[in-house]
Amino acid sequence: MRILYVEDNPELRETIGMLMEGEGRTITSCATAEEALELECNGVFDLLVTDVSLPGLSGTDLARKVLAVDPGRWVVLCTGYDLGTHPSAWGPNVRTLMKPFELEDLEALLVQVQSTLDGSPAGR
């Protein structure tokens, strides 16, 4: 599973990026939505995990741009604000992870995405 992780806080980006590593996972991290869009042009990712509050283009704007190209893309929006059910209307594979989140919650989401991508019953 190829994961694009966008977080402007360098310490958090490094720590969470390392924690998302696992068998069958490749993590590419960057600090801005603009960098993420450049990376999107050069490669295909299975999952976008992004902070909502980013300098410049926001994480929600990034998610909308990615979903405009691939409506079925998996997207996890990390936020300290309750976005309600609004993001779920953007696509079937959009999830919200409230900050501060438990590592177990992040791992459960990653397992769900991987299972769905693999087509195994655990992801259904």
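Above this note sits the structure.
Residues numbered from 1 in each chain as written. Predicted model: local features only at pLDDT ≥ 70, side-chain atom pairs only at ≥ 80, totals over all residues. Heavy atoms only, no water.

S.K.: Got a minute to help me understand the packing of helix α1 (residues 10–20) against helix α4 (residues 103–118) in this structure?
M.R.: Packed helix pairs are characterised by how far apart their axes lie and by the angle those axes make with each other. Remark: α1 packs on α4, axes separated minimally by 10 Å, with the N-to-C direction vectors making an angle of 50°. Between α1 and α4, the angle falls in the class oblique. As for the relative orientation of α1 and α4, their crossing is right-handed in sense. Of the residues in α4, those in contact with Ile16, Leu19 and Met20 of α1 are Leu103, Leu106 and Leu110. Considering only residue class, the contact of α1 with α4 consists of 6 nonpolar, no polar and no charged. (Axes fitted to C-alpha atoms, helices over the stretch in contact; angles between N-to-C directions. Helix = DSSP H or I, 4+ residues; strand = E, 2+ residues; numbered from the N terminus. Parallel < 35°, antiparallel > 145°, perpendicular 65-115°, else oblique. Left-handed = near helix turned anticlockwise from the far one by under 90°. Contact = heavy atoms within 4.5 Å. Nonpolar A, V, L, I, M, F, W, Y, C, P; charged D, E, K, R; others polar.)

S.K.: Which parts of the structure should I look at to understand the side chain of Thr60?
M.R.: Counting through the fold element by element, Thr60 comes out in helix α3 (residues 59–69). Side chain to side chain, Thr60 and Ser58 meet in a polar contact 2.9 Å long. When neighbours within four sequence positions are excluded, Thr60 is seen to be in contact with Val52, Leu77 and Trp90. (Polar contact = N/O pair within 3.5 Å; in protein donor to acceptor, adjacent residues only side chain to side chain.)

S.K.: Would you explain helix α2 (residues 33–42) in this entry?
M.R.: The α-helix winds at 3.6 residues per turn, so residues separated by three or four positions along the chain end up facing the same way. Among the residues of α2, Ala33, Ala36 and Glu40 are the ones counted as buried. Burial along α2 is one-sided: seen end-on, the buried residues are contained in an arc of 50°. The exposed residues of α2 that point more than 90 degrees off its buried face are Glu38, Cys41 and Asn42. Residues of α2 that are buried in the fold lie against β1 (2–6), β2 (26–30) and α3. (Buried < 20%, exposed > 50% of the residue type's maximum accessible area, 1.4 Å probe, protein only. Arc of directions from axis to C-beta.)

S.K.: Would you explain the nonpolar core in this entry?
M.R.: Most often, soluble globular proteins keep nonpolar side chains buried together rather than apart. The biggest cluster of nonpolar side chains holds 18 residues, and the ones touching the most others in it are Leu4, Val6, Leu48, Leu62, Val75 and Leu77. Among the elements that make up this core, the one with the highest residue count is α3 (4 residues). If near-sequence neighbours (up to four positions away) are discounted, Val75 is found in contact with Leu47, Leu48, Ala63, Leu67, Asn93, Val94 and Arg95. If you look at the next biggest cluster of nonpolar residues, it comprises 16 residues, including Cys78, Phe101, Leu109 and Leu110. (Core = buried A, V, L, I, M, F, W, Y, C linked by side-chain atoms within 4.5 Å.)

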